[in-house]
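Structural characterization, general
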Amino acid sequence: MDEKTKTPLLRLAKRSSFPKPAAWAIRVGSILFALLLGCVAILLTGNSPFKAYATMINGALGSKVYLQQTVKKAVPLLGCALAIAPCFKMRFWNIGAEGQITAGALAATFVARTFTGKLPSLPLLLLMAAGAILGGGLWALIPAFFKAKWNTNETLFTLMMNYIIIGVVAWLQAGPWEAQQGRIAQFDASAQLPKVLGVHCGWIIVLVLVLLVHIYMRHTKQGYEIAVIGDSMRTAQYAGMNVGRIMMRTMFLSGAISGLVGFIIAAGANHTLAKEIAGGVGFTSITVAWLSQLNAFAMIAISMMLGILTKGADTLQTAMSVPAAISDIIIGLLLFCMLGCEFFINYRLILRKKTGKGGAAV
Amino acid sequence: MNALDTVILLLLAAITYGTPLLYGTLGEILTEKSGNLNLGVEGILFMGGAFGLGGVYYLEKFAGTPSGLVAILVALLCAFLAGAAASLIFCFLTTTLRANQNVTGLALAIFGTGVGQFAGEMMRVRAGSYVTVSNELKDFFIASPFPQFLKDIPYLGQLIFGNSWFFYLGVVLAIGMHLFLKKTRKGLYLRAVGENPGTADSAGINVTRYKYLATVIGGGISAIGGVVYIVTTAGCTWNNEGLSGVGWLAVALVIFCLWRPLSALWGSVLFGALMILYMRLQLSFVPTELYKILPYVVTVIVLIISSLRNNKEKQPPASLGLAYFREDR
Amino acid sequence: MDKNCYAIELKGITKRFGPVTANDGIDLGLRRGEILALLGENGSGKTTLMNMLSGIYLPDEGQILADGHTISIRSPKDAYAHGIGMIHQHYKLVDVFTAAENIVLGMEDEKKLDIKKANAKVREICGRYGFDIDPEKKVYDMSVSEKQTVEIVKVLYRGAEILILDEPTAVLTPQETERLFAVLRNMRDDDKAIVMITHKLNEVMAISDKVAVLRKGKYIGTVATAETNPQALTDMMVGRAVTLNIDRPLNQNQTERLRVSGLSCYDHEHVKKLDGVSFTAMGGEILGVAGIAGSGQKELLESIAGLCPIAEGSIRYLAPEGGEDELVGRTPMQIRKKGVSLAFIPEDRLGMGLVGSMGMTGNMMLRSWRRGGGPFVKRKPPRDLANKVLNELEVVTPGIEFPVRKLSGGNVQKVLVGREIASSPTVLMTAYAVRGLDINTSYTIYNLMTEQKMQGTAVIFVGEDLDVLLELCDRILVLCGGRVSGIVDARRATKEEIGLLMTSVGGKEEA
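Every value quoted in this text rests on a predicted model; they were computed, and no experiment measured them. (Residues numbered from 1 in each chain as written. Chains lettered and ligands numbered in written order. Predicted model: local features only at pLDDT ≥ 70, side-chain atom pairs only at ≥ 80, totals over all residues.)

**A word on the overall build of chain A**
Helices and strands together make up the secondary structure of chain A, namely 14 helices and 6 strands. Its C-alpha atoms put chain A at 85 × 60 × 35 Å along the principal axes. Every one of the 362 residues in chain A was classed for burial, and the buried ones make up 53%. Partitioning the contacts of chain A with sequence separation of at least 6, the portion at a separation of at least 24 is 79%. (Helix = DSSP H or I, 4+ residues; strand = E, 2+ residues; numbered from the N terminus. Buried ≥ 20, exposed ≤ 12 C-beta atoms within 10 Å, placed from the backbone. Contact = placed C-beta atoms within 7 Å.)

Following this line, the structure appears as structure tokens:
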């Protein structure tokens, strides 16, 4: 039989191993490629891409104040990516972080409104954090419960949960909790996170979380259970794990961390609650977590990168009147390129000329 | 009598608000029928809105005011192409490069809203003022294609014949999609791809081709929802505030109507009604803002009930969100 | 059509998968108006051979001739073009479609979809051959036998003249089997060529005109059914007993360890998989479990491990140090907490026994991760164990943190067996422990089993190679259709005796 007719022109084979430096070279290359594509968008505005990128870098890192603002943007992204990691490791597609952040912020605000003036600052903040953890955790537990019990599609469920809680906040904001013009009153100073090095201390909390999540995922029994379930549900059952219970526990944890992020945004950055409090962080952080391969330390780098882009784009808008939406475009391009490049790390393209095994031609 | 008028007015408004949703939902149904869960609908709608408006705006600016039908065609075409291009990115990444569908969809949502907003603002900056079209076109976009005497039929006239071109087009599209999925060979094959790509593949159906076509065309249809919103409800100006959330609502509506194009017809009117109910129907015991979460709440309930009842006819396409690679067979 | 010309002829077909030769120079001819039974044990290469006719695989060597002309079959579509249709064991059907919708799937000949016409054509085919199926019934409402019918009609609808059925009766009740045979006879009378892959002798005798026998990838011969008998066919199928020289010491010190009585269970499609199974397993012996594939071996082991819901019956565990426990109704964790040290080497090594993405250390942890107080896993003991297994079983791997999914089959099995034995089990269950392994690794596994036996472990060894079972085990339990058809002394039993127990007990459960 003619060998040529057997095999398609281009075949794919999974790589058994790929040198780490080469893999990183591909990833860095994909980032550069994305920035190159971003040039097209900048050119459309009639500006020089080179100058634009320089403005962005300068606007994000050029001074202490700029850097502080950049960090402020990266903190919630990082915190929330950490929250996503355990779920995604388990192959539980929780895309409800946006809502879990909001639920946490809502709970924290409730605590702040109830106890301001009755408690000194530190216990108040701790109580707010505890409330946020509980709020976010319970909000995440709902879809997990239905997934464990009746296998209800978690992707769609968690997505819907986002808009329900955001709607609740919108109602509070315009109704029972309204202070003026559809806004909730600013937190009292005692309910605001103190600043360290010019940025609210949320960044310290998140960095501690990086360490904790890393340890949790790599060195604890629960982290091990999550990894096994993510690999094979059957194996987990074989090893005697209660898959449903672990699922609910992990989702509670994930929601709790997101809730804590909500607290950090509310008490640290915004000093109030609004329905836009999550502002897309819950969605962007999913991509951060995924692109970091769920590695807690890599998340620092990627969330910083996105922070720089967002802050830089703000500067670009004021300096060169380029719409700030350019940051979303560049972030989107970055995500596309990085998502796509994993394919070239995991698969090898084989041209048909040197086959010979005559693989299945189905 | 008065109550009846209120109901009719409410329904008319619900249809107006529901029409963008209808397109968003129909497109996503087609996409999901192929097993692709494209969560980027929000971004696609933004792109459709911005490019559709841009198309009409520049057409009018450079070629003078076109006839209404030409304007509609240009708006639809520009929006469709923008959405198709966005979905092509999604499909290339998930089907060919095997990236995770959830993550890619979210990335598209970010990218698409960015592009939409960017384009909308760029137009404004270039024009130096708000970008809008002539009043003739504005009126045409919200006018009904039917003659006045039909609209004058008591009660039902307005309701049946008084809606915009876009609504009737959406109805035709929904019926067409229903017939396509149920009655044609390609529709049958497409459903097979979404249900069980392994079986479809072994039956000789080109799974990749069906996924690409359904996702790209579906994305194009969804994007039309964006421009419909801009030219009917937003008064032909770029309004990202109003458009935000419509895409996610469309994803919810797909679940609510159980992946059926015909159910999307009344589903979109219902969701449209829920979106504006607070303006028309003020009940002292229901806070106005809470009306807005009703669509999501009912969707969650539908989701739970359908998983609980385990009725085989009322499930998502079985391979929804899952990648299909032949060697995994 | 020339009756003497073969409809399809295979000449010198060879197919290799890596180092394993699945088919070795096979010659075979099919004629129209004839039912050919393709007989052989599990792993003898029957399905592989037929998959080359249906376009799933390409042969490495050899020729396929249709009506005397050389053809090449590169895809299922090519196969249909040559009139060849295969009904696989795993049905490929879309659940939410009707029978007719499934049948027309992928057909490109008519442009317009006319489901009414398709329904009519399906009814016509059903009428012609005596099928009983409603074309408008949804697949999810169908029984297994109805689904099979849909698959057969699908092939006929595409105008197949040559039908290959891969173990069609494996999932059918006796009544359904009879109905299928009636249909097959009708198709034969309609001048179709039919191949039925099977290892059930009674069915071969009942339905076929000719029998072709494969053994371990080699073609043994073809005989006319009328001129042969089950005994002769068994001889051809299993061959002369091969001496493997597996060391089999006798453990004098045997104690009762597991007492299983009246065990029944159903799968999620409500098909009875185990039917009143009773036996005892002794500490200090290897109890072999023989049977054709899907006779309830998997369910038996999984019920004991607490992974399969049990409908009736009891499993009593008699601890070596005295005391008795009921295992039915317990989860794997509860069983372990009771102090029952149960080791289980499942058939699906990577999907069930191991975590493919983890290294050896992570996999060793699968049995021990809960040990020790505190929230942290202890990495040192599993790492030590991983090194021990690595050295003692000579696992070839770049390192103990290298993902086991990327290891070769033999090394994967060594990791799994090494871990299970390390827990010094009192009961060790293995399913197809040497499947896909080379000779050396197989012997390593045999020796480990024997070692365990001599230490007093009750070993339950589910196997497919009768030679191995006869030389390795002390007793052999034979399963047939979910029932125990006999328990024999492995030192005295013959291959034929077991072969007949595996196949000739026709009694399967009622639908």
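**Things to note about the pairing of strand S20 (residues 483–489) of chain C**
All names here are of chain C. Relative to S20, strand S19 (residues 475–480) runs antiparallel, the two being bridged by 6 bridges. Bridging from a neighbouring strand, Val478 pairs with Gly486 of S20. The antiparallel pairing of S19 with S20 creates a hairpin that spans 2 residues between the two strands, and Gly481 there sits at a positive phi of about 55°. (Pairing = 2+ DSSP bridges.)

**Remarks on the sheet that holds strand S11 (residues 255–266) of chain C**
Residues and elements named next belong to chain C. An order of S12-S11-S14-S15 is seen for the 4 strands of this open sheet, with the pairing classed as antiparallel. Either end of the sheet is taken by a strand with one partner, and the two such strands are strand S12 (272–283) and strand S15 (324–326). Averaged over all pairs of adjacent strands, the angle between their axes in this sheet comes to 15°, without regard to strand direction. Here 5 bridges tie S11 to strand S14 (residues 312–318), and the two strands are oriented antiparallel to one another. In the sheet register, Leu258 faces S14, and the bridge partner there is Tyr317. The sheet strands contacting helix H9 (residues 297–304) are S11, S12 and S14, and the helix crosses S12 at an angle near 60°. (Axes fitted to C-alpha atoms, helices over the stretch in contact; angles between N-to-C directions.)

**Digging into the interface of chain A and chain B**
With 43 residues of chain A in contact, the opposing surface of chain B contributes 42 residues. Going through the elements one at a time, helix H2 (20–44), helix H6 (121–150), helix H7 (154–174), helix H12 (281–291) and helix H14 (326–346) of chain A are the ones with two or more residues in the side of chain A that touches chain B.

**Here we look at H9(C)**
Residues and elements named next belong to chain C. Of all 8 residues in H9, 8 are buried, a share of seventy percent or more. If you check which residues of H9 are buried, you get Gln297, Lys298, Glu299, Leu300, Leu301, Glu302, Ser303 and Ile304. Phi for Gly306, located one or two positions after H9, is positive at around 85°.

**Remarks on the sheet that holds strand S13 (residues 285–290) of chain C**
All names here are of chain C. The sheet built from 6 strands is open, its strands ordered S16-S17-S18-S13-S19-S20 with mixed pairing. Both outer strands of the open sheet, strand S16 (342–345) and S20, are each paired with one neighbouring strand and no more. Geometrically, the sheet is characterised by an average inter-axis angle of 15° between neighbouring strands, direction not taken into account. The pairing of strand S17 (residues 427–431) with strand S18 (residues 458–462) spans 5 bridges and is parallel. Bridge pairing links Ala431 to Val462 in S18.

**Some details on the packing of helix H9 (residues 221–231) of chain A against helix H11 (residues 243–270) of chain A**
Residues and elements named next belong to chain A. Where H9 meets H11, the closest approach of the two axes is 11 Å, and the angle between their N-to-C directions is 115°. For the pair H9 and H11, the sense of crossing is left-handed. Seen from H9, the contacting residues are Glu225, Ile226 and Ile229; seen from H11, they are Val243, Ile246 and Thr250. In terms of residue class, the contact of H9 with H11 is made up of 4 nonpolar, 1 polar and 1 charged. (Left-handed = near helix turned anticlockwise from the far one by under 90°. Nonpolar A, V, L, I, M, F, W, Y, C, P; charged D, E, K, R; others polar.)

**Here's the deal with the environment of C:Gly159**
All names here are of chain C. Tracing the chain through its elements places Gly159 in the loop between helix H5 (144–157) and strand S7 (162–166). Judged by the 11 C-beta atoms lying within 10 Å of it, Gly159 is exposed. Along the primary structure Gly159 and His82 are separated by 77 residues, whereas in three dimensions their C-alpha atoms are 9.6 Å apart.

**Quick word on unusual backbone geometry**
Residue and element names in this part refer to chain B. The backbone of Arg98 sits at a positive phi, close to 60°, despite the residue not being glycine. By the element assignment, Arg98 lies in the loop between helix H3 (68–96) and helix H4 (101–127). With 18 C-beta atoms counted inside 10 Å, the residue Arg98 sits in the partly exposed group.

**Some details on the interface of chain B and chain C**
Size of an interface: often given as the accessible area lost when the parts come together. Listed as interface residues are 17 residues of chain B and, on the opposing side, 12 residues of chain C. Mapped onto the side of chain B that touches chain C, the elements with two or more residues apiece are helix H9 (185–195) and helix H10 (197–202) of chain B. Within the side of chain B that touches chain C, the residues separate by chemical class into 6 nonpolar, 6 polar and 5 charged.

**Some thoughts on the nonpolar core**
With 386 residues, the main nonpolar core has A:Met128 and C:Phe461 as its most contacted residues. Not counting the four nearest positions on each side in its chain, A:Met128 is found in contact with A:Ala108, A:Val111, A:Ala112, A:Ala191, A:Phe263 and A:Ala267. (Core = buried A, V, L, I, M, F, W, Y, C linked by C-beta atoms within 7 Å.)

**As for helix H5 (residues 97–115) of chain A**
All names here are of chain A. When the terminal C-alpha atoms of H5 are compared, their 27 Å separation across 19 residues agrees well with the 27 Å that a helix rising 1.5 Å per residue should span. Burial runs high along H5: 15 of the 19 residues are buried. A positive backbone phi angle near 90° is found at Gly117, which sits one or two residues after H5. (Expected span 1.5 Å × (residues − 1).)

**Remarks on the environment of C:Leu250**
Residue and element names in this part refer to chain C. Along the chain, Leu250 falls in the loop between helix H8 (230–238) and S11. By C-beta crowding, Leu250 is classed as exposed, having 12 other C-beta atoms within 10 Å. Along the sequence, Leu250 and Thr450 sit 200 residues apart, while their C-alpha atoms lie 9.4 Å from each other.

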